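One letter stands for each residue in the lines below.
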Amino acid sequence: MAKKKNTGKQEPPANEPSRRNDSLRFIGGVLILLFALFTFIVLGLYIFRWGAYQSGAQTSPLVGKLGYQWANLLMGEYFGLASFGIPLLFGLWGLRLLKVRIVYFYKAILATLTGCILFSVFLGFIFGHLIPPLKGLIGKGLGGITGDVISGWLIQIIGMAGTALLLLLLTLSWGILVSPKFIPWLNNLFRVKKKSEPATKDTTPAVEPAPPPPVEKEFNLPQDDGFEIHRPEDGSEKEETEKKDAEAPADDTPPMEIDSEEEEEESFFGESELYDPTKELSNYKRPPLDLLVDHKGKGAMPTDEELERNKDKIVTVLRNFNIGIDKIIATIGPTVTLYEIVPKAGIRIASIKRLEDDIALNLSALGIRIIAPIPGKGTVGIEVPNEHPNIVSMLSVVKSPKFIEAQYDLPVVLGKKIDNEIYTFDLSKMPHLLVAGATGQGKSVGLNAILTSLLYRKHPSELKLVLVDPKRVELSLYSKLERHFLAKLPDSEEAIITDTQKVVYTLKSLCMEMDERYQLLQSAKVRNVKEYNERFVNRRLNPLRGHRYMPFIVVVIDEFADLIMTAGREVEEPIARLAQLARAIGIHLVIATQRPTTNIITGLIKANFPARIAFRVISGIDSRTILDTTGANQLIGRGDMLVSTGNEMIRVQCAFVDTPEVERICDFVGQQQGFGGAFLLPEYKGEESASAGKVDLGKRDELFAEAARIIVQSQQGSTSLIQRKLELGYNRAGRLMDQLEAAGIVGPPEGSKARQVLISDFITLDAKLAAMDGQ
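Scoring rules and cut-offs
- Here, residues in each chain are numbered from 1, in the same order as that chain's written sequence.
- Note on the predicted model: pLDDT of at least 70 is required for a residue's local features to be given, and 80 or more for side-chain atom pairs to be given and counted; whole-chain, interface and lining totals, by contrast, use all residues.
- With hydrogens and water stripped out, all remaining heavy atoms of the structure feed into the side-chain values.
- Should DSSP find at least two bridges between two strands, the strands are regarded as paired.
- Helix numbers and strand numbers start at the N terminus; a helix is a DSSP run of H or I with at least 4 residues, a strand a run of E with at least 2.
- Axis geometry follows a simple rule: fit a line to the C-alpha atoms, using only the stretch in contact for helices, then measure angles between N-to-C directions, giving values from 0 to 180 degrees.
- Orientation is classified from the angle alone, with under 35 degrees giving roughly parallel, over 145 giving roughly antiparallel, 65 to 115 giving roughly perpendicular, and any other angle giving oblique.
- Contacts: residue pairs with any heavy atoms within 4.5 Å of one another.
- Residue classes follow a fixed rule: Ala, Val, Leu, Ile, Met, Phe, Trp, Tyr, Cys and Pro count as nonpolar, while Asp, Glu, Lys and Arg count as charged, and any other residue, Gly among them, counts as polar.
- Here the aromatic set is Phe, Tyr and Trp, taking the six-membered ring for Trp, and pairing holds for ring centres within 6.5 Å; pairs whose planes are under 30 degrees apart are stacked, those over 60 apart are edge-to-face, and all others are tilted.
- Relative accessibility decides the category of a residue: with a 1.4 Å probe and only protein chains considered, values under 20% of the type maximum give buried, values over 50% give exposed, and everything between is partly exposed.
- Just to be clear on terms, a salt bridge is a Lys or Arg side-chain nitrogen sitting within 4 Å of an Asp or Glu carboxyl oxygen.
- For any pair of crossing helices, the crossing counts as left-handed if the nearer helix is rotated counterclockwise from the farther one by less than a right angle, and right-handed if it is rotated clockwise.
- A helix's residues, less one, multiplied by 1.5 Å, set its expected span.
- It is the directions from the helix axis to the C-beta atoms that the arc portrays.
- Between N or O atoms, a polar contact is any pair within 3.5 Å; within protein, one atom must be a potential hydrogen donor and the other a potential acceptor, and residues adjacent in sequence are included only when both atoms are from side chains.

K.L.:
Please explain the sheet that holds strand β6 (residues 411-417) as it appears in this structure.
P.N.:
Strand pairing in a sheet relies on backbone hydrogen bonds, with the paired strands running either antiparallel or parallel. The mixed open sheet is built from 9 strands, whose spatial order is β7-β6-β15-β14-β13-β8-β12-β11-β9. The open sheet has two edge strands with one neighbour each: β7 (422-426) and β9 (463-468). Averaged over all pairs of adjacent strands, the angle between their axes in this sheet comes to 30 degrees, without regard to strand direction. Both β6 and β7 contribute to a ladder of 5 bridges, which runs antiparallel.

Laid out in structure tokens, this is it:
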């Protein structure tokens, strides 16, 4: 083979065309900017030398004959004084070529062009028709030929008054186009202040002011050991003393450069027109507080006699085992009172911990729990249930300033801690939640509290819910939220997922959504969904390139044990993948189970769910399975729970929200204007319904012909239609749809849309079925 002769020439580098284009853009931008400056100068000279030009001069020592002709064409012939918008147009064009973005280019061009014409017509109307003696100040008039002709034509059609009103309307419209602050400016300009102007009625429920801090009454009782009682006032909350979460350190990473085609410019005059995700449902109202019930008065605070009696019993038990104490402090909670013991010097903490059963025996009470020591304090805590527990209503925590003013992405309020302080957290920071507890201990009420919190704080465009309810009864009330908050598969009829196979498909569809979101984050050069949405709201991401606003997605699974028993690894694997990766892209899981055993809550699940909530369980083994420690088996039930966030354990009384309250909230939301349907997740096609080309039409389903007739009659290629009409399971309906595709009756899947039906009448269908039977 002959060797290729080396000519000695080097091939240009791959990026040479890009550099050449950049050079041409730079040169062109500079030339256009110079031409814009030249135009501005000749127009200015035309005004100051108008007398010389009118007397016949057709040149200027500064700009020459060409400059005169250009200025006379613009100002003397076309637009008059409005011609000063022309150099602005050329200036914007030149800056765009130089990649200098100070305004929204296309909007600025539109505003400048329309402004030139409108100003020209306005001047033509004023100085050419309304005040004729001033016509001819600059040759053809201050508005030029354009202003004179258009204003004269309008006067002939609608008269002087109609033209004036029309120009006024067009001027107002132009002002609104140029700046969104034009209308507020007009309001401030013409506002008449009245002495007693009524306050504007707000449609949103008023935020109740923060209650006064509770008064702590300390009783130094005449006993051998000091005893103090910290009792909050009835109906008040403990003053919020928790420090705010430490702010994340400032990111020193330099700002990333964005492709010029990807970044959106600011609006005209440098104002930022933000994208409003709530605009489509701008009239949406969040649920009012009067939908909830105040359960105050259904319990009583412990009396001094009860506290004194419990204190004496605790002291007696400790003295029987030679454990001396210096002081006891009682802090009263809604359902549990915490007795903090300050032991004398030399007392071993473990010796107090071993007396848990003895103290419970002497107090004749269930749910005794000893915290030895209390984290951050030099005391030992003994939690004793109150004789008459006080119900914490959802109303009391939802209306609290701590919840209303919480600057969280996904704010959740669970109830009150043992010191009567409202307990809130940000679900997006958890980032996933594992909830477990025995039957009837408050697990379902806890899920309702989480969902109610989100509904009270989030807009439908900001949050989507994927609800999985294998028991079919716990979450069914939320089906009324389908057009507002719910998300589902494209071919799913019901928004609440109850079928196990549908659950598997939904979880894998969420994995597809996760992968797609990560691709969008990568192209936008951001690290999480919050940064991405900020850029999208600021119009720095182009929707034409696939970018979109990403709502948070919260997946709530009510009975995880049933899914593991029926689907096993098919459910566990996508959940583990979502738990590992979905935090950054705004997908968060809340998984609940009433069987906290190791074969249900596996090591893979626990490793990815650092935040856990444990209601009362039967044994210490179950408590260790959930929390990695005992304690949940010593709770008293009825919403009493332990919340573990990885570094601390907090005892919380769950807020009680009854079924009628949830129903009223869902009715209130469901009756409002919503989206066209539920939020559609990516379509997932199961492995059992893989490629239609591999379908053996010789082994057709016995319902194949009937399914084909249903599809042709409705002209809608939907798996859920076959499932509903023939009362089949999803798997069999999916196989029927694959056979119909292989037979040429329906087309391939088209994402979220129904398949195309390729046969339009029964005659053609009967012929095809007969041909298939004859083969």
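Once the structure has been displayed, the description carries forward.
K.L.:
Can you help me understand the packing of helix α21 (residues 704-714) against helix α23 (residues 730-742) in this one?
P.N.:
Any two packed helices are characterised by how steeply their axes cross, that is the angle between the axes, and by the distance between the axes. Contact geometry for α21 and α23: axes closest at 10 Å, N-to-C directions at 75 degrees. As judged from the angle between their axes, α21 and α23 are roughly perpendicular. For the pair formed by α21 and α23, the contact residues are F704, A707, A708 and I711 on the first element and L736, M737, Q739 and L740 on the second. Looking at the contact of α21 with α23 residue by residue, the classes come out as 7 nonpolar, 1 polar and no charged.

K.L.:
Sorry if this is basic, but what is going on with the packing of aromatic side chains here?
P.N.:
The description of an aromatic ring pair rests on the distance of the ring centres and on the angle between the ring planes. Summed over the entire model, instances satisfying the criterion amount to 9 aromatic pairs. Here Y275 and F536 contribute two aromatic rings whose centre-to-centre distance is 5.0 Å and whose plane-to-plane angle is 85 degrees, an arrangement assigned as edge-to-face. A residue pair is termed long-range when its members are at least 10 positions apart, and Y275 in the loop between β1 (226-230) and α8 (304-320) and F536 in helix α15 (residues 529-537) qualify at 261 residues. Between Y284 and F485, the aromatic rings sit 6.3 Å apart at their centres with planes inclined by 75 degrees, giving edge-to-face as the arrangement. Placement of the pair is Y284 in the loop between β1 and α8 and F485 in the loop between β9 and β10 (487-488), with a sequence separation of 201 residues. Since its relative accessible area comes to 9%, Y284 is described here as buried. One aromatic cluster is present, formed by F35, F38, W70 and F90 through successive ring pairs.

K.L.:
Looking at this model, I keep getting lost on the pattern of salt bridges. Mind explaining?
P.N.:
If the charged atoms of two oppositely charged side chains come close together, the side chains can form a pair. Applying the stated criterion across every chain, the model contains 30 salt bridges. A salt bridge links R651 to E383; its shortest N-O distance comes to 2.4 Å. With R651 in strand β15 (residues 649-654) and E383 in strand β5 (residues 380-385), the pair connects residues that are 268 residues apart, well separated along the chain. Take R651: its relative accessible area is 5%, and that puts it in the buried class. Overall, E383 belongs to the buried group, its relative accessible area being 3%. R527 is paired through a salt bridge with E531; the nearest N and O atoms lie 3.4 Å apart. With a relative accessible area of 25%, E531 lands in the partly exposed category.

K.L.:
For this particular structure, what's the right way to read the packing of helix α14 (residues 500-524) against helix α17 (residues 569-581)?
P.N.:
Remark: α14 packs on α17, axes separated minimally by 9 Å, with the N-to-C direction vectors making an angle of 25 degrees. Classified by the angle between their axes, α14 and α17 sit roughly parallel to one another. Between α14 and α17 the crossing geometry is left-handed. In contact with Q501, V504, L507, K508, L510, C511, M514, D515 and Y518 of α14, α17 contributes E570, V571, P574, I575, R577, L578 and L581. Of the residues contributing to the contact of α14 with α17, the split by class is 11 nonpolar, 1 polar and 4 charged.

K.L.:
Would you mind going over helix α20 (residues 659-670) with me for this structure?
P.N.:
For an α-helix the count is 3.6 residues per turn, leaving residues at separations of three or four pointing the same way. If you check α20, its first and last C-alpha atoms are 16 Å apart, about what 12 residues at 1.5 Å a residue would give, namely 16 Å. Along α20, the positions that sit buried rather than exposed are E661, V662, I665, C666, V669 and G670. Relative to the axis of α20, the buried residues are bounded by an arc of 165 degrees and lie together on one face. Buried residues along α20 sit against α13 (443-457).

K.L.:
Honestly, helix α24 (residues 762-774) in this entry has me stumped. Any pointers?
P.N.:
Here α24 is 13 residues long and its end C-alpha atoms lie 18 Å apart, about the 18 Å a rise of 1.5 Å per residue gives. Among all positions in α24, only L765, L769 and M772 are buried. The buried residues of α24 occupy an angular sector of 60 degrees when projected down its axis, which confines them to one face. Of the exposed residues in α24, the ones pointing more than 90 degrees away from its buried face are I763 and G774. The N-terminus of α24 is capped by D761, whose side-chain oxygen sits 3.2 Å from the backbone nitrogen of I763.

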